[in-house]
Amino acid sequence: VRRVVIVGASAAGLAAAETLRAEGFDGTITMVGEERHAPYDRPPLSKQLMSGSWEAERLALRDRGAIDALGAAWRLGVRATALDAAGREVVLKGGERLPFDGLVIATGIHARRLPGAMPAGVHVLRTVDDALAIRAALAAQPRVVVIGSGVLGTEFAATARGLGCEVTLAGKAALPMARQFGPDIGKMIADRHREAGVVLRPRAEVLGIEGEAHVAGVRLAGGEILPAELVLVAIGSVPATGWLEGSGLDLADGVVCDAYCRAAPGIHAAGDVTSWWHAGYRRRLRIEHRMNAAEQGAAAARNLLGAGEAFRPIPFLWSDQFDVKLQAYGLFPPEGDITIELDPAVPGRFVAFCRVEGRLWGVLGWNAVRALRQARQHLAESLSEVPQPG
Amino acid sequence: MRVIIEEDKCCGAGQCVMAAPTVFDQREEDGIVILLDETPPDDKLDEVKQAIRLCPALAIKVEV
């Protein structure tokens, strides 16, 4: 491998580039990024950046010197439009073709949007530009409606409420984040939000957006209208694979890869866009979390160079909501049994364990980071016991 | 080497403690990183680099 192209210049793509160099790769690296920004960190977009405690400069994943030290060619603000897998070329908007003999696909996800044209004041939150626009609008103390009560919507609701806005969290589900962590934890999250003054509107079916030039509200099934000057649409994501259509790659759920993050010979994928076979869980996963992006970027790069290591990480996510620090390792599938072990010494602190057929699959800490580290150790042992395929 | 941490970036994931247990610890109440050894011996450099790679909040730097 002499010429590597990495499409996607965020956490996963950057980790891939850095790992290639750390492994001694001295060929060419070309980084293609649709956004005009140098690699930056996304978790703070709904946390520190949104609350105003950080400015955008702090999001940079690397300083200028570290970026220069990579010795990569950077094509930022340019979208890849096609992959010619047989001819080994990536096609950029404008028609330029980048030849490669190693490719890392790290194009991530797009925020899912509501269908149709939207009035001003209806936002999604994926990029720093999205976040800065929302933050500027929050300064006017709008009434906020968040559509979607998954991790992002729930966390944003907490941040907006913390800034003093009236906030309504309207989700399809009965409880926020219940799809991720089950009803017991969902109920505790709901309670914490209610205590803080967030209005919860569960089982909400959104029919449309009210308002002409600017949003005026969110119309629900049954005729109810939730008034709003700012709406965040947080209804999930779509893998950014449009540019790969017709390439011959399997795009059933993002870029479909094997256990080595390989989509085709010489073509690997990493980060949110990647579906791969997790040899520890013996299940196909696609994970949209920050730590996975970095770990998988590194793994994809090593395997591109021939390491032949199955990628079997312990997934990790965290969310900050009011005074609650939620952290989870592993998986919480719907069929899992969740048990909660309260810390007898500290009210409101607990660790939750998710088991599938008696085997530990995931652990979650609620303001319980040290206890969670021990629980993670049990999880690592449990996963290493899973028999390997073949 | 000199290890530098940014407490307000730390998300308390504990990856650094697992990677370099003689260099990092976590506060009991909120899991925020504690720097046990600001100038660890050179043979800890690989562990510290691993902690930097694993930290999901990019809260650790090292000057060699």
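In this report, the structure presented in the accompanying data block is examined. Values in this document were obtained by computation on a predicted structure and should not be read as measured data.

Scoring rules and cut-offs
Residues numbered from 1 in each chain as written. Chains lettered and ligands numbered in written order. Predicted model: local features only at pLDDT ≥ 70, side-chain atom pairs only at ≥ 80, totals over all residues. Heavy atoms only, no water. Helix = DSSP H or I, 4+ residues; strand = E, 2+ residues; numbered from the N terminus. Rg over C-alpha atoms; globule rule 2.2 N^0.38 Å. Buried < 20%, exposed > 50% of the residue type's maximum accessible area, 1.4 Å probe, protein only. Contact = heavy atoms within 4.5 Å. Areas by Shrake-Rupley, 256 points an atom, 1.4 Å probe, with all protein chains shown as cover. Lys, Arg positive; Asp, Glu negative; His and termini not counted. Charge placed at Lys NZ, Arg CZ, Asp CG, Glu CD. Salt bridge = Lys/Arg side-chain N within 4 Å of Asp/Glu carboxyl O. Polar contact = N/O pair within 3.5 Å; in protein donor to acceptor, adjacent residues only side chain to side chain. Nonpolar A, V, L, I, M, F, W, Y, C, P; charged D, E, K, R; others polar. 1 Å grid on protein atoms, 1.4 Å probe; cavity = no way out; pocket = protein on both sides within 12 Å on 5 of 7 lines; lining within 4 Å. Points joined across faces, edges and corners; volume = space filled by probe spheres on them. Pairing = 2+ DSSP bridges. Axes fitted to C-alpha atoms, helices over the stretch in contact; angles between N-to-C directions. Left-handed = near helix turned anticlockwise from the far one by under 90°. Core = buried A, V, L, I, M, F, W, Y, C linked by side-chain atoms within 4.5 Å.

### Digging into the overall build of chain A
For chain A, the helix and strand inventory stands at 9 helices and 27 strands. Expected size for 390 residues packed as a compact globule is a radius of gyration near 21 Å; at 22 Å, chain A falls within 12% of this value. Projected onto its principal axes, the C-alpha coordinates of chain A cover approximately 55 × 55 × 40 Å. Evaluated residue by residue, chain A yields a buried proportion of 54% over its 390 residues. Across chain A, every contact between residues at least 6 apart in sequence was considered, and the portion connecting residues at least 24 apart equals 60%. Accessible area for chain A stands at about 16,400 Å²; split by element, carbon and sulfur atoms hold 51% of it.

### A word on the overall build of chain B
Each helix and strand counted, chain B has 2 helices and 4 strands in total. Helices and strands in chain B line up, N terminus first, as β-α-β-β-α-β. In terms of overall dimensions, chain B is globule-like: its C-alpha atoms have a radius of gyration of 10 Å, near the 11 Å expected for 64 residues. Projected onto its principal axes, the C-alpha positions of chain B cover 30 × 20 × 15 Å. Looking at chain B as a whole, 47% of its 64 residues are labelled buried. Approximately 3,100 Å² of chain B is accessible, and the part contributed by carbon and sulfur atoms is 49%. Between the averaged position of the 7 positive side-chain charges in chain B and that of its 14 negative side-chain charges there is a distance of 7 Å.

### Section: the interface of chain A and chain B
Of the residues lining the interface, 20 residues belong to chain A; the matching set on chain B comes to 21 residues. Linking chain A with chain B are 3 salt bridges, by the criterion used here. Notably, a salt bridge pairs Arg58(A) with Glu6(B), separated by 2.7 Å at the nearest N-O pair. Where chain A packs against chain B, one counts 9 residue pairs in polar contact (both at pLDDT 80 or more). Elements represented by at least two residues in the side of chain A that touches chain B include exactly helix H8 (290-304), strand S23 (316-321), strand S24 (324-330) and helix H9 (369-384) of chain A. Looking at the side of chain A that touches chain B, the element that brings in the most residues is H9(A), giving 4 residues. Here the side of chain A that touches chain B is built from residues that sort into 7 nonpolar, 3 polar and 10 charged.

### Observations concerning the layout of surface pockets
Reported here for the second largest pocket is a volume of approximately 1,400 Å³. Lining the second largest pocket are 45 residues; nearest its centre among them are Glu18(A), Arg62(A), Lys49(B), Ile52(B) and Arg53(B).

### Examining empty space enclosed by the protein
Residue and element names in this part refer to chain B. Following the criterion strictly, the structure yields 2 cavities of 30 Å³ or more and no others. Contributing to the lining of the largest cavity are 14 residues, with Cys 10, Ala 13, Gly 14, Cys 16 and Cys 55 lying nearest its centre. Per-class residue counts for the lining of the largest cavity are 9 nonpolar, 5 polar and no charged. The volume enclosed by the second largest cavity comes to roughly 60 Å³.

### Overview of unusual backbone geometry
Residues and elements named next belong to chain A. Phi is positive for Met 177, which is not a glycine, with a value near 55°. By secondary structure assignment, the location of Met 177 is in the loop between strand S11 (167-170) and helix H6 (178-181). You will see that Cys 261, though not glycine, has its phi angle at about 60°, which is positive. You can see Cys 261 is positioned in the loop between strand S18 (255-256) and strand S19 (262-264). With a relative accessible area of 0%, Cys 261 lands in the buried category.

### Examining the sheet that holds strand S3 (residues 73-76) of chain A
Residue and element names in this part refer to chain A. Strands sit in the order S3-S2-S1-S7-S20-S19 across an open sheet of 6 strands; the sheet is mixed. A strand with exactly one partner marks an edge of an open sheet, and here the two such strands are S3 and S19. Averaged over all adjacent pairs, the angle separating strand axes in this sheet is 20°, with direction ignored. Pairing geometry for strand S1 (residues 3-7) and strand S7 (residues 102-105), over 4 bridges, is parallel. The partner of Val 5 across the bridge, within S7, is Leu 103. Sitting on the sheet, helix H1 (residues 11-22) touches S1, strand S2 (28-33), S3 and S7, and the angle it makes with S2 is about 175°. Relative to strand S20 (residues 267-269), H8 is tilted by about 165°, and along the sheet it contacts S1, S7 and S20.

### Remarks on the packing of H1(A) against H8(A)
Residue and element names in this part refer to chain A. Axis separation between H1 and H8 bottoms out at 7 Å; the angle between their running directions is 35°. Pair H1 / H8 crosses with right-handed handedness. Between H1, through Ala 11, Ala 12, Ala 15, Ala 16, Thr 19 and Leu 20, and H8, the contact on the second element is made entirely by Arg 290, Ala 293, Ala 294, Gly 297, Ala 298, Ala 301 and Arg 302. When grouped by side-chain class, the residues that make up the contact of H1 with H8 number 9 nonpolar, 2 polar and 2 charged.

### Digging into the nonpolar core
Counting 90 residues, the largest nonpolar core has Ile6(A), Leu83(A), Val90(A), Leu103(A), Ile105(A) and Phe24(B) as the members making the most contacts within it. Sequence-distant contacts of Phe24(B), defined by excluding residues within four places in its chain, comprise Val3(B), Ile5(B), Cys16(B), Val17(B), Val33(B), Ile34(B), Leu35(B), Leu36(B), Ala51(B) and Ile60(B). In terms of nonpolar packing, the next biggest core, distinct from the first, is built from 26 residues, Tyr40(A), Val146(A), Phe156(A) and Leu175(A) among them.

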